[in-house]
Amino acid sequence: MKKLLSNELREIFIKYFTGKGHMLVSSSSLIPAGDDSIMFTNAGMVQFKDYFTGASASPMQRAVTIQKCMRAGGKHNDLENVGKTSRHHTFFEMLGNFSFGDYFKKDAVLFANEFLKDVIEVDMDKIYVTVNAKDDEGYSIWKDVVGFDERKIFKLGDETNFWQMGETGPCGYSSEIFFDTGYSEAGHKDCDINCDCGRYLEIWNLVFMEFNKDSRGAISKLPKPSIDTGMGFERTLRVLQNVKSNYDTDIFIPYINEIDAITGRCYNSGDEAYDTAVRVISDHIRTSIFLSAESVFPSNEGRGYVFKRILRRLIRYALKLNIKLENLIYLGNTVIIVMGGFYPEVRDGLTVFEKIISEEYDKFTDTIGQGIKLLDEKILELKNKKEKIVPGDFIFKLYDEKGFPVDLAIDIAGENDLSIDLKIFDKLMDIQKKGSKQKKEKLGIPDIISNFPKTYFTGYANIETDANITGIFSEDGKPVQTIEDGDFYYITADSTPFYPEGGGQTGDKGMIEWSAGINSFSASVSGAYKTKNGVILHHGRIFRGGMSISESVRTTPAFPVKAKFLVDKETRKKTASNHSAVHLLQASLRKILGSHVSQQGSYVDSERLRFDFSYGKPLEDDDIRNIETSVNEYIFADMEVKAEELDVKTALSSGALHFFDDKYEEKVRVVSMGDVSKEFCGGTHVSRTGEIGFFKISGEFSIASGIRRIEAVTGLNYLNYLYVEEDNVRNIAKLLNSSRTDVYNKIIKLYYDYEFLEKTNEELRLKLNSFEAGRLIELFKTDRAKGVKYLISRFKDISGEELKELVNALKSRHDFPAGDSAVIFVSNVNDEKLVYIVSAEGAADASKIIKLINSKVGGKGGGKKDFSQGGASSVSKFDDIESIIENIITEDLIAKAKV
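Presented here is a report on the structure given in the accompanying data block.

Parameters and conventions
- Residues numbered from 1 in each chain as written.
- Predicted model: local features only at pLDDT ≥ 70, side-chain atom pairs only at ≥ 80, totals over all residues.
- Heavy atoms only, no water.
- Helix = DSSP H or I, 4+ residues; strand = E, 2+ residues; numbered from the N terminus.
- Contact = heavy atoms within 4.5 Å.
- Areas by Shrake-Rupley, 256 points an atom, 1.4 Å probe, with all protein chains shown as cover.
- Pairing = 2+ DSSP bridges.
- Axes fitted to C-alpha atoms, helices over the stretch in contact; angles between N-to-C directions.
- Expected span 1.5 Å × (residues − 1).
- Disulfide = S-S within 2.5 Å.
- Buried < 20%, exposed > 50% of the residue type's maximum accessible area, 1.4 Å probe, protein only.
- Core = buried A, V, L, I, M, F, W, Y, C linked by side-chain atoms within 4.5 Å.
- Lys, Arg positive; Asp, Glu negative; His and termini not counted.
- Salt bridge = Lys/Arg side-chain N within 4 Å of Asp/Glu carboxyl O.
- Polar contact = N/O pair within 3.5 Å; in protein donor to acceptor, adjacent residues only side chain to side chain.

## Overview of the overall build of the chain
Next, step 1: When you go through the chain residue by residue, the secondary structure sums to 23 helices and 34 strands.
Next, step 2: Referenced to the eigenvectors of the C-alpha coordinate spread, the extents of the chain come out at roughly 95 × 90 × 60 Å.
Next, step 3: Across the chain, the fraction of contacts at a sequence separation of at least 24, relative to all contacts at a separation of at least 6, is 68%.
Next, step 4: Working note: accessible area of the chain is about 43,600 Å², and carbon and sulfur atoms make up 49% of it.

## Re the sheet that holds strand 26 (residues 677-680)
Next, step 1: Reading across the sheet, the 3 strands line up as 24-25-26 and stay open at both edges, with antiparallel pairing between neighbours. Either end of the sheet is taken by a strand with one partner, and the two such strands are strand 24 (641-647) and strand 26. Strand after strand, the sheet turns through a mean of 25° between neighbouring axes, direction not considered.
Next, step 2: Note that strand 24 and strand 25 (residues 667-673) share 7 bridges and pair antiparallel. Bridging from a neighbouring strand, glutamate 645 pairs with arginine 669 of strand 25.

## Quick look at helix 9 (residues 302-320)
Next, step 1: Along its 19 residues, helix 9 runs 28 Å from first to last C-alpha, staying within 8% of the 27 Å computed at 1.5 Å per residue.
Next, step 2: Of the residues one or two after helix 9, asparagine 322 is the one with positive phi, at around 60°.

## Some points on the state of the cysteines
Next, step 1: For the structure on display, the rule yields 0 disulfides.
Next, step 2: Cysteine 191 takes part in no disulfide bond, and the closest cysteine sulfur to it belongs to cysteine 197, at a distance of 3.7 Å.
Next, step 3: For cysteine 191, a relative accessible area of 18% corresponds to the buried category.

## Re the nonpolar core
Next, step 1: With 118 residues, the main nonpolar core has Ile177, Trp204 and Leu375 as its most contacted residues.
Next, step 2: Element by element, the count of residues in this core is highest for helix 11 (residues 349-384), at 12 residues.
Next, step 3: Counting 31 residues, the second largest nonpolar core, distinct from the first, contains Ala576, Ile635, Met639 and Phe695.

## Some details on the environment of tyrosine 51
Next, step 1: Summarising the element assignment, tyrosine 51 is placed in helix 2 (residues 49-53).
Next, step 2: Sequence separation of tyrosine 51 and proline 170 is 119 residues, and the distance between their C-alpha atoms is 9.9 Å.
Next, step 3: Leave out the neighbours within four places in its chain, and tyrosine 51 touches Ser56, Ala57, Ser58, Pro59, Met60 and Phe100.

## Overview of the side chain of aspartate 248
Next, step 1: For aspartate 248, the location among the structural elements is in the loop between helix 6 (233-240) and helix 7 (253-263).
Next, step 2: Despite its burial, aspartate 248 pairs with no opposite charge, the nearest such side chain being arginine 238 at 7.2 Å.
Next, step 3: Only 3.2 Å separates the side chain of aspartate 248 from the side chain of asparagine 268, close enough to count as a polar contact.
Next, step 4: The residues contacting aspartate 248, other than those within four sequence positions of it, are Gln241, Val243, Ile253, Tyr267 and Asn268.

Here it is as structure tokens:
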């Protein structure tokens, strides 16, 4: 068996399959382009999905890839297993070979067998395979064509040997290839391929793509049978390098070595809690850097929420090992060193990661850290009582009062072999929701039954129309039987002038009015949204009292009900102005900064607009003014805004700007503004650019490496912006007792006065430190038996930095004691925390002394041999701190520190 390093395995895999007529295709993004059926790219075949379904023609018949993948969220989710096993990861690489209507089962099996046996020379006596019990052809190929030992071929069911990318899409029977490692993580002596103990390691999955699964679960044949294979890169390395864990391979060892160096401990030395933490950190740091490079940011929904969970888990395990923020950033640089050669795009992730991890680390330690402490105390209490369930009301209180994430509570409880009473938690959450009379926030678009009729949008031409209500639904998407006065619902219609949120534009607001029997009703629409199957949902409160649908507005067949749909005119007008301004802004950016500038995202509503674009540095003031001038010149030119529907090929050939990774329908809408702007766009716009009024940039800043954001206002909102600016200047002038025209000069004078005072203050501080050092030098004591001179002193409301300055002043004196010495300063800061530092000379070891102090006062900290610092959240031992440290010295602990 060849012992290959990671780069060698990638190279050999590519070389073998390109030699078999496969075209090398670069890894696609972790974010699937134009595919919302999955959250992240979880397999090599994701970028080829349309080739398998026949939706697009493949430019090649065979392909080979090294695909970066992620499984943390959605159907395929390994997040909870990371750290607990030797083989699970959130980010991983998949080696794959693909056939698009070319070869099928026989060649796929023969390629796999040859690569394993002859190319990388795996011990075939340890190889086992599985096939679907219904796939007689696959079984026969392994047994009769390859000549594989039938005793090592297992027929299994759909749950293991029928593969699908997501809930919908291409799928088919599969044949999995396992390697018998001889090592069971669970310590099993006798088990077989069905056991999940890790002994039988799946290294390659051959998927025979024959079918397509639609949203109703119906299975149909694909136009051409195809092949999709995925070899686990990390697992195959484990086999080739003959180690017991993926984390023992050369792809992970650099992170583990760094963590050992930071902590002073050793991985794989029998401490399972430490080893688990190291595996989690090693995995999650890779994932975090790659997601940062893809401009994914932590948030409360979707991919951002998954990223937030990963970051929380990374930080929590780092804190368990006393790994600091700067150490995590340094580990991020290790990812660049290890992975940047094959994935150069990941280099852009470090700067973004540094900003993200800094913010999340602060949030975690400031807020979530408090919740963890309370939860840890509760878990200890339950363990002492030998109880196994954390009360749901306790978790609800943590969530309600501290904002503590429930999923994190579940993780921590699980690590301690406890569970949470989620029934009680959910019940309390329901009570809270029902008791609240505040406006409910829209958390997500509910699923409407798949065969519900689509909504025809009429809002380009009219904002007030008559249409038929086709259904009323609760916020979870279920048809309602009773409407409560003032509650929120979703209303559907056969047509509507309400623009649904999409393409960066917020949905329309307005009213819907209708009658049912002797009653009349109205809905105050706060937003409109479009489902995956083309149904436009109008979200808002329904008024005119409670009613039973069975009496007035019945479900089918009583629907449809005629109604008047009224879009709020002013809101639509302002939103359209902002959307049109975005197009002019992009045109101006490309004109002034260069045509390489491309849109990365946008958002418009009735109050403001924002535009994200690719650009490598901050804009100069002159750039911003030139861009504003250009946009306003386009506005004042009062150009016609023209929208037309074209087939996608004609639209592309016209030069219209678009997102290259997006997938478009056969017909697309193209919006043109004179001869300066032409873009694919489904949003609403003004009819002439002069209607926008005026354009003003209110902010410009970075949101990611190489990505800038501009925020701006238009029309009357520009006046509001000016009023705010004027008020700010007026208030500053009042504070400075100045006229508005003289504010700048006043501020300049204050600045130089401040600089002078800072310099004077620094000089005084140095003099005070020198004076205080003269006092302290007389207080040194000597442990004559040990030959160690030491000074212990406590202070009130002096920061750690000020303590350091005092130590430096003390050590700079000519009469500072020579030889072995230790200076220990402690400060009580605002009666809230202790801060202490240790400076050592000679044989005395500050880092070990600080650990002894930590153990006595319940603190944390560390450092180097000559200087260490720490702190404690309790000040209860401040008054006794001198005697506590004195005891440490007299009990011979200084001598231990010297060892």
